[in-house]
Amino acid sequence: MIRRWAADLALGMRLALGGGGARTALVRLTLTAVGVGLGVAVLLTATSVPHLLAARDDRASARFPAAAAAVDGVDPVFVARRNDEFRGRGLQGYLVQPTGPRPPAVPGVDRLPGPGEAVLSPALADLLRSPEGELLRPRFSERVVGTVGDTGLTGPNEFLFYVGSTTVAQQPDAVSVSRFGGESSHRPLSALELLLVVVGATTCLVPVFVFVVTSTRLAAAARDRRLAALRLVGADRGQVHRIAAGEALLGSFAGLLAGLALFQLIRVLVPAITVDAFRGGLFGTDVVPDWRLGVPALLALPVLACAAAMVALRPIVIEPLGVERRGTRTRRKLAWRLFPAVTGGVLLLTGLGGGGADNPSVVVGVVLVLAAVPLVLPWVVERVAGLLGGGSPAWLLAVRRLQLDSATAARLVSGVAVVLAGSIALQGVYARTESERPAPRDIRVLASYYATSVADGEAFTAAFHALPGLGAVPVRTGAMIETATGERTSVVVESCPRLRDLAGIANCRDGDVYAATTRSSFVPEPGDHVWFSEVRRAHRAGFPQWTVPAVHRVPVHGEDAPELLVTPGALATASGVGLTVSATLPDAGPDLVERVRNVVGWNGSVDSLGTGRDGTSALITRVLQVGSVLVLLFVAGSLLVAAWEQLRERRRSLAALAANGVGRGVLARSLVWQLAIPVAVAVVVAVPAGLALDWLVLEFVVHRPMTADVPVIALLTATAIAAVLFVTALTLPALWRTTNLENLREE
Amino acid sequence: MSTEGNVLLEADGVRKAYGPTDALTSASLRVRAGEVVALMGPSGAGKSTLLHCLAGIVRPDDGTIRYRGADLALLTDRARSALRRTDFGFVFQFGRLVPELTCLENVALPLRLNGERGRVAARRSREMLAELGLADVAGKRPGEVSGGQGQRVAVARALVTGPRVVFADEPTGALDSLNGEQVMQLLTTAARERDAAVVLVTHEPRVAAYSDREVVVRDGRTRELEVTR
């Protein structure tokens, strides 16, 4: 029996292959394979995301300087982490100062750089060599002695550096390290990120599912004729089902291979992805599906394709003389079609009330609402078509055709509807979160330089003011000091003229120290020994303290006024000074910011305030937007092929109409109406569904009011409609060929 | 009605209605091994319905059809399918070849469905095509050959399993007269050589002339014509 079954399945596959003379079979096979392939690739990629993020975290934590106890045979190295930027792209790195010839191993680095040396990631080295990197070169004056290998990078395009220095030990944030590699902390997706993934993946996958189902039903009349011919020559009903399953199986298997190939292609192309959140790129080798999810994902689409082919046979009986329907054709039932939408809505409303987007019922609810669109649409299209009456000949032909069979058209446009609904929801959430970011002109850039002496701070101030456009920018020098008992207070170090301006101190002399009488916080007493907080605690024992001189009490107003105002001369006797020189940059262009960074070097930081963005959300949204566009293109392509197949199946009746004097213009307009009516219905269903999802997510998850972005919705809707009209236009040449009277010939 | 000889198929009082329309009211017929029987009559008389009932494709509402003594109505779908694979052959108006398969594969189809190994099925089909002068179309698909050639391939497919009865429903209906003659010549000669009976539906006397016997179907009833060949 197994041999018999195998032979039947093989025959089905052979029929699916068709060949040069059987275009329909090949088209159907190709469409099923493409649909299954896309679905498999999307699912495999989606199931790779957890491993991808975990691998990035692992790579990052593997190079994390662990401030652990001494390790035998390892000479500790002082390490200070530095996060920097160059024209919006992040640079990460470490200042290192080995204390002996046996420093701990760093992933991807053969030898830690010594003083005046640097080890760079390949991308950073390339940037420094390129003309674009000219402005960055002053920050990397060291001799490059090596390249960071892949094991030491989170992504192939990451800008990472290890710079050797003799002064790391004195840096405020330096740590002594005997081992690199910390505990890996995997950050789970936030509720909003998870929801974006769910909405986006559903938006991409539902049209693919719909398409796979549709593709198995393409050219159904030809398939029925073929199966009837097999019945005539002796195939029993079981054999016919196995043969049909074999046909679907080949498409599924081809799709599986196509999906795996596409997934491999994605892995190859992944390093080229450069979005803000992952500018460092992603390693293709990190894109590994979680096989607990991946195996079901691999099987889901092929099984769906076979199941759809079998379900398509359920309402019919293939007999040797043709196909008979079981029972009478009934109108579609709304109840079960509405069930997922209602269930989804209820889950969303109850789930959102009890916790937000990380509640599984919210995720399931979103999926159900989007998945309900292609279920409800055929019912709506059927009812709308049933309500429509006669009109012009073209309209009449279209309406009657839809009344006879609206399922095919409804199925075809339901993919567009899902993309539209999902895109509206996604766009709404994304636009809302984007709109709350400060405008570029409101972003403050704060430059901070850690000075180890008053003279050092003054030298930085001079260099800063020497930069074009920054001569008059106020620079503030300050510090935190603390006593041996841990009491802290803030200090500002300014010249007498500045203190006059700042605090209205009239008879200031260099060497004076003033305390604000208006502040109630701790003020050291004259003779107290204090340390500068910026100086590493471990090093304080080796540094002389600053003995506070006489303190004059003066009234100083202002919320952010410091407790202690110190003239430079007052610190003349202090060493181990740790000051922060800071300035807020005017909006003078990105190049100026880079020049400031060059002046600051590795002894400080230049940060943009107010630009903290949720990078993962941006990445997810970008990927999903691209995915939506690709799916829309795919849906448009499938619409085109399906429309061609429809024309092919109806070529005799169309030729008969043409023979009876029906003009080509009438037939063309009829074709347009046949797609335009379902598309109009699809838009009417999709826009409210998308807006409802948008509202639910914004109102209950993001907790922000919804504002309908009418231009964007109009643009998305117009794109969907344009795609359909464009497809219709492309089918017209096929229509002209179809109406050729030659098609009436039987022999 | 003739009663002599080895009776293969026997229809007795067969009635079949499609909704309110009676296709057959009381049709009776016997088909002996090796004979060619033409079912004649005007359009809508019930010729094709009778042929379909005889072949076990359509279940009659009343009456019996026996094949070698077995009541077809009592056979399961699987048993009737097996009969179509082994004992019956079919040639219909438009060939009903599977467009995705080559002519050779079409001929081999009943053998493959019957569990024959691919190589054996291909060899036997190739021999059959060669015997009917169709060796040169073996690798072509039905869409690539003429209507006449397609019908001859259908004849080859009908005969390849060595059937006892070949059912032919208007086998020349879509062909010009020359091709029609060729197909009829081929069908009847090949069937007679194999001692296979042929039940032929036609409304053309020219085609019916290839038969041993003519049975007229009119208003759902059968009436045997005495003809001399």
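About the thresholds
- Residues numbered from 1 in each chain as written.
- Chains lettered and ligands numbered in written order.
- Predicted model: local features only at pLDDT ≥ 70, side-chain atom pairs only at ≥ 80, totals over all residues.
- Helix = DSSP H or I, 4+ residues; strand = E, 2+ residues; numbered from the N terminus.
- Rg over C-alpha atoms; globule rule 2.2 N^0.38 Å.
- Buried ≥ 20, exposed ≤ 12 C-beta atoms within 10 Å, placed from the backbone.
- Contact = placed C-beta atoms within 7 Å.
- Pairing = 2+ DSSP bridges.
- pLDDT = per-residue confidence, 0-100.
- Axes fitted to C-alpha atoms, helices over the stretch in contact; angles between N-to-C directions.
- Expected span 1.5 Å × (residues − 1).
- Bend = angle between axes of the 7 residues up to and from the residue.
- Parallel < 35°, antiparallel > 145°, perpendicular 65-115°, else oblique.
- Left-handed = near helix turned anticlockwise from the far one by under 90°.
- Nonpolar A, V, L, I, M, F, W, Y, C, P; charged D, E, K, R; others polar.

1. Brief notes about the overall build of chain B
Here is step 1: A count of helices and strands for chain B gives seven helices and 10 strands.
Here is step 2: Its C-alpha atoms give chain B a radius of gyration of 17 Å, near enough to 17 Å, the size a compact globule of 229 residues would have.
Here is step 3: Taken along its principal axes, the extent of the C-alpha atoms in chain B is 45 × 40 × 35 Å.
Here is step 4: The 229 residues of chain B split such that 55% are buried.
Here is step 5: Across chain B, contacts joining residues at least 24 apart in sequence account for 71% of those joining residues at least 6 apart.

2. Some words on the overall build of chain A
Here is step 1: Across its full length, chain A carries 19 helices and 20 strands.
Here is step 2: Out of the 747 residues belonging to chain A, those deemed buried represent 45%.

3. Structural notes on the pairing of strand E14 (residues 513-516) of chain A
All names here are of chain A.
Here is step 1: Neither face of E14 is left uncovered, since the one carrying Val-513 and Ala-515 and the one carrying Tyr-514 and Ala-516 both have all their residues buried.
Here is step 2: Here E14 pairs with strand E17 (residues 551-554) via four bridges, running parallel. By the bridge assignment for E17, Tyr-514 is matched with His-552.
Here is step 3: In the sheet, E14 pairs with strand E18 (residues 564-566) via three bridges, with the strands oriented antiparallel. Counterpart to Tyr-514 in the pairing with E18 is Leu-565.

4. Some details on the environment of Arg-217 of chain A
Residue and element names in this part refer to chain A.
Here is step 1: Tracing the backbone shows Arg-217 in helix H4 (residues 191-217).
Here is step 2: Judged by the 17 C-beta atoms lying within 10 Å of it, Arg-217 is partly exposed.
Here is step 3: Each C-alpha atom of the pair Arg-217 and Thr-32 lies 9.9 Å from the other, and the pair is 185 residues apart in sequence.

5. Regarding the confidence of the model for chain B
All names here are of chain B.
Here is step 1: Residue-level pLDDT values for chain B average 86, and 95% of them are 70 or greater.
Here is step 2: Of all helices and strands in chain B, the one with the weakest mean pLDDT is strand E10 (residues 221-225) (74), whereas strand E4 (residues 62-67) scores best (93).
Here is step 3: Both confidence scores are given for the complex: pTM 0.70, ipTM 0.84.

6. Quick notes on the sheet that holds strand E2 (residues 77-86) of chain A
Residue and element names in this part refer to chain A.
Here is step 1: Here six strands make up an open sheet; going across it, the order is E5-E4-E6-E3-E2-E7 and the pairing mixed. Among the strands making up the open sheet, the edge pair consists of strand E5 (143-147) and strand E7 (175-177). Each strand of the sheet is rotated relative to its neighbour by a mean of 30°, with strand direction disregarded.
Here is step 2: In terms of strand pairing, E2 meets strand E3 (residues 89-98) through 10 bridges, oriented antiparallel. Bridged to Phe-86 within E3 is Arg-89.
Here is step 3: In the packing of helix H3 (residues 122-129) onto the sheet, contacts are made with strand E4 (117-120), E5 and strand E6 (159-164), and the angle to E6 comes to roughly 85°.

7. Thoughts on the pairing of strand E15 (residues 529-532) of chain A
All names here are of chain A.
Here is step 1: Sheet analysis places strand E12 (residues 476-483) next to E15, joined by three bridges and oriented antiparallel. Bridging across to E15, Glu-482 finds its partner in Trp-531.
Here is step 2: Pairing geometry for E15 and strand E16 (residues 546-547), over two bridges, is antiparallel. Counterpart to Val-530 in the pairing with E16 is Trp-546.

8. Brief notes about helix H7 (residues 291-313) of chain A
Residues separated by three or four positions in an α-helix point in the same direction, a consequence of the helix having 3.6 residues per turn.
Residue and element names in this part refer to chain A.
Here is step 1: Taking 1.5 Å of rise per residue, 23 residues should cover 33 Å, and H7 covers 33 Å from first to last C-alpha, within 8% of that figure.
Here is step 2: In H7, a bend of some 25° at Ala-300 exceeds every other bend along the element, and Pro-302, a proline, comes one to four places later.
Here is step 3: For H7, every residue scored as buried is listed here: Ala-297, Leu-298, Leu-301, Pro-302, Leu-304, Ala-305 and Ala-309.

9. Focus: unusual backbone geometry
All names here are of chain B.
Here is step 1: One non-glycine residue, Glu-170, lies in the positive phi region at around 45°.
Here is step 2: You can see Glu-170 is positioned in the loop between strand E7 (165-169) and helix H6 (177-193).
Here is step 3: The class for Glu-170 is buried, based on 20 C-beta atoms found within 10 Å.

10. With respect to the environment of Leu-205 of chain A
Residue and element names in this part refer to chain A.
Here is step 1: Secondary-structure assignment places Leu-205 in helix H4.
Here is step 2: Along the primary structure Leu-205 and Gly-39 are separated by 166 residues, whereas in three dimensions their C-alpha atoms are 6.3 Å apart.
Here is step 3: In this structure Leu-205 touches Gly-39 and Val-42, once residues within four positions along its chain are discounted.

11. Re the packing of helix H3 (residues 103-113) of chain B against helix H4 (residues 118-131) of chain B
Residue and element names in this part refer to chain B.
Here is step 1: Taken N-terminus to C-terminus, the directions of H3 and H4 make an angle of 125°; their axes are 8 Å apart at the nearest point. Judged by the inter-axis angle, H3 sits oblique to H4. In the crossing of H3 with H4, the sense of the turn from one axis to the other is right-handed. Between H3 and H4, the residues in contact are Cys-103, Leu-104, Val-107, Ala-108, Leu-111 and Arg-112 and Gly-118, Ala-121, Ala-122, Arg-124, Ser-125, Arg-126, Met-128 and Leu-129, respectively.

12. Points about the environment of Lys-16 of chain B
All names here are of chain B.
Here is step 1: In this fold, Lys-16 is placed in strand E1 (residues 7-18).
Here is step 2: Its 22 C-beta neighbours within 10 Å are what place Lys-16 among the buried residues.
Here is step 3: The spacing of Lys-16 and Val-58 is 42 residues in sequence and 8.9 Å in space, taken between C-alpha atoms.
Here is step 4: Setting aside residues no more than four positions away along its own chain, Lys-16 makes contact with Ala-23, Leu-24, Thr-49, Cys-53, Val-58, Pro-60 and Asp-61.

13. Observations regarding the packing of helix H6 (residues 237-269) of chain A against H7 of chain A
Residues and elements named next belong to chain A.
Here is step 1: Two numbers describe how H6 lies on H7: the axes approach to 9 Å, and their chain directions differ by 150°. Taken together, the axes of H6 and H7 lie roughly antiparallel to each other. Two packed elements cross with a definite hand, and for H6 against H7 that hand is right-handed. Taking contact as the criterion, the partners of His-241, Ala-244, Ala-245, Glu-247, Ala-248, Leu-249, Gly-251, Ser-252, Phe-253, Gly-255 and Leu-256 in H6 are, on H7, Leu-298, Leu-301, Pro-302, Ala-305, Cys-306, Ala-309, Met-310 and Leu-313.
Here is step 2: Here the residues of the contact of H6 with H7 sort into 14 nonpolar, four polar and one charged.

14. Regarding the confidence of the model for chain A
All names here are of chain A.
Here is step 1: In this model, chain A carries an average pLDDT of 79, and 85% of its residues clear a pLDDT of 70 or more.
Here is step 2: Looking over chain A, one finds the lowest element-wise mean pLDDT in helix H14 (residues 537-540), namely 55, and the highest in E4, namely 93.
Here is step 3: Low pLDDT, under 50, characterises residues 610-614; the predicted model gives this stretch eight contacts beyond four residues in sequence or across chains.

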